[in-house]
Amino acid sequence: MEENHTFFDEEREELIEEWPIQNIAKFGRNLVASEIRYYLEFQEYPNSLETGFASVYNVSGWDETDAKEAFSMKNIQYSYGGNGTIRTIKNCEFFPGIKVSKEQRECLGVKVCEFASKELDVGHTSVDFSIPLFKKMFEADVEFHKQATIWQAHEYQCGHINNGIKCTGKPKLGEFTQIISSISSKRKFIGCTNWKMGELDHRYMIIPDNVDLELLETMFNEYSYHANGIDFERDESNVIDECFMVRPNSTRSDTCPFLHKTGNHIVKGIINKKAEPCPVKFYHIIPEDLKNCPFIVTISVGIHNHPPPPPRKTPYNIKNQLQKIIDNEHILDLTARKLLTGFLDNGQYIILCATKQQLKTIKELTYIEIDMAFKRIHGKTNEWEVSAYLSHVQKTLTFVRIFTNIETAEAYKNLFEDLFTCIEKDTGEIFNFYHIHGKGLGCILADQHKGQALGLGQYLYSKYPIFSPIEHLQHIYKLCQVHYKRNIDKNKHLSQEIKDAMYLIPTLKIQGDVLRVLNNIQFCDEPGTEDWAKDKLIPWVLSGISVAFTKMDHVIWNQTPNNTNAGESAHANVNRDGCNLSLLAGIIRGCDFDKRSWESIHVNQQYNVSDSYRNKSDLARSIQAEKRTEKRRKGKQPVLPSNKTKKKKNNSNENDENLQIDQQQNRVALEKLNIQKQINDELEREITLLEKRKQLMN
């Protein structure tokens, strides 16, 4: 029996959709795989079967040393061990006449908390991160770093004693440069505020890798840590009912950061290895002559008797090889693409994809929309897009695609730095921000992702320290009101009165009114409202949703959208070209999609041929929106009784004529409103300029 698979033909420079293979293969006297799959990228979680599963990697075009490193067994996310037997096979049946080396290892399983949920008593042969159990596991892993951070900050106490008096210094966050093998990197530590040069014995703590640095910095910046410690074990609000903490067997931590209740006591759980050894064995086969036989094989035999461990390392092929693959324009046919990649100390990789035309156009925009897409790329890599609706071409366009794997504030700072540096290099000009230069980009529309916002603020502060990071955001950041209202709608337990108050906030234009409504929401005694109000009172959030608090130029605020619909539609459009793709396929298909979109603009400008028969001007879209609103309103009205149907038919012609008249009147009214809006905007702009001139004269 044969299966069809996809592979890349270098000579023909295209993806071939069919690759017939056999379903049974022999790799040795006692090593057989009943199923084979061919891949271009290393599988961090290789499939496994009782009868053997072979993952075959095509390494054509790779340097042999690099290929052996990139597709090494050490890059799988499972902990493995055993005697590490490596032997040479002179004639492997799968590679006739080829000498290969075969390495054998055993899966070492995982560690779980002693209070682990019974749902974790499960085996697996493949990993599907979309199922609820895996989601709980990965949420627990994220929370693990958060809890480890909190314990790290709260448990600090300085041990310095001077003349019998114990040091009363408070903890502070510091940074030092660590050099290992001539490679320097920045490391954070918690030190004492009383430490002075030359004094010894003041305690300091190096921040371990499992700590969320973004959260730790926030705690110290906002003084939300408890300098004298805190007794978590008396606080039942921190107790969890079920523990989904799963750690790799190689982890050194033996304490669960979550609190559990046993009897009348609240305790930390102990992380133990699962009792039964995992039966899965890994086999790794590498031909000695990879040039003539460019394939590396990993074979997994058995069924894992444990859940999969969360990812703990970045695959070598992404870390060290992606740059070479992407830069090879012959393979990817990316002649017009500008690709910028990097691998940073925090494990982040950034792949920036854009043409010079796209980057040049960004400099001409008043606003952009930014958002992260989670469906297109398989695994932990996500796609971040910069998009906007251009009224003069009546089209939503994507200007930059960035593929990355981390979403902390530090990671987004790196992302914004790469983006604007790339624009400046390709255009040969400084990128202008309206609140800094008086021209250029004045508004960035986004959802309320904290890391994304703080990363932008930190980047702008690093370039223009005349404002703090938060002040920069108050001048340029605008939050999507669709996301804002959608999050309100999710709270089904809230009364309609409180929801209406929440909806009201973005429409209020006086600061006192906004604060009064937020105060009423915060102290209304309905569950969750206090936290909701506190979240909206964060300065950059409040300025992002309220025109009363924004420091953005009000003309720009009024002329730019209040939602990220263009960005959402950009996601939806490119998703039609494929979802859950490999990183390489995602880059190629994104390139093709953007090429088609931008070529349609060229055709429209040169030949006046639109890519759609529908009028998508601002006025037409406003009219269409009015029609949808009217349709929804009519849909809520009661249906006419059946005895009036005949009368309704007789009056159909009259109704049609009335509808046409109404539509015409609506068009005229909207055109008048549009003209009046332009006049008002111009007057407001003149008033603003006069006020600025008056301030300068004074």
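Residues numbered from 1 in each chain as written. Predicted model: local features only at pLDDT ≥ 70, side-chain atom pairs only at ≥ 80, totals over all residues. Heavy atoms only, no water.

Trainee: I'd like a description of unusual backbone geometry, backed by residues and values.
Mentor: Positive phi, normally seen in glycine, also occurs at D525, with a value near 70°. Mapped onto the elements of the fold, D525 is located in the loop between α13 (511-522) and α14 (529-536). Relative accessible area serves as the criterion here: at 75%, D525 is assigned to the exposed category. (Helix = DSSP H or I, 4+ residues; strand = E, 2+ residues; numbered from the N terminus. Buried < 20%, exposed > 50% of the residue type's maximum accessible area, 1.4 Å probe, protein only.)

Trainee: I'd like to hear about the packing of aromatic side chains, residue by residue, with values.
Mentor: One pass over the structure, following the stated rule, counts 22 aromatic pairs. For the pair Y38 and F295, a centre-to-centre distance of 6.4 Å together with 85° between the ring planes defines the contact as edge-to-face. Within this pair, whereas Y38 is found in strand β7 (residues 35-39), its partner F295 is found in strand β21 (residues 295-301), the two being separated by 257 residues in sequence. The buried category is assigned to Y38, whose relative accessible area is 16%. Note on Y477 and W540: the rings are 6.1 Å apart at their centroids and 65° apart in plane angle, and the pair reads as edge-to-face. (Phe/Tyr/Trp six-rings, centres within 6.5 Å; stacked < 30°, edge-to-face > 60°.)

Trainee: Mind laying out the pairing of strand β11 (residues 110-113), listing which residues take part and the relevant values?
Mentor: Both faces of β11 are covered, namely the face carrying V110 and V112 and the face carrying K111 and C113. As defined by bridge partners, β11 adjoins strand β17 (residues 246-248) across 3 bridges and the pair is classed as antiparallel. In the sheet register, V112 faces β17, and the bridge partner there is V246. Bridge count between β11 and strand β19 (residues 265-273): 3 bridges; the pairing is antiparallel. Note on β19: the bridge partner recorded for K111 is K273. (Pairing = 2+ DSSP bridges.)

Trainee: Can you explain the pattern of salt bridges? Please cite residues and give values.
Mentor: As enumerated under the stated definition, the model contains 13 salt bridges in all. Close ionic contact of E69 with K74 constitutes a salt bridge, the shortest N to O distance being 3.0 Å. Residue class for E69 comes out partly exposed when judged on its relative accessible area of 30%. Overall, the relative accessible area of 38% leaves K74 in the partly exposed class. For E385, the salt bridge identified is with R401, shortest N-O distance 2.5 Å. One end of the pair, E385, is in strand β25 (residues 382-390); the other, R401, is in strand β26 (residues 395-404), with 16 residues separating them in the sequence. (Salt bridge = Lys/Arg side-chain N within 4 Å of Asp/Glu carboxyl O.)

Trainee: So, the nonpolar core: which residues are in play, and what are the values?
Mentor: Among the nonpolar cores identified, the biggest contains 72 residues, and W384, F399, V400 and Y477 are the most heavily contacted of them. Discounting chain neighbours no more than four positions away, the residues touching W384 are I370, D371, M372, V400, R401, I402, Y412, L415, F416, L419 and Q452. Formed by 31 residues, the second largest nonpolar core is a distinct cluster that contains F42, Y78, L133 and M137. (Core = buried A, V, L, I, M, F, W, Y, C linked by side-chain atoms within 4.5 Å. Contact = heavy atoms within 4.5 Å.)

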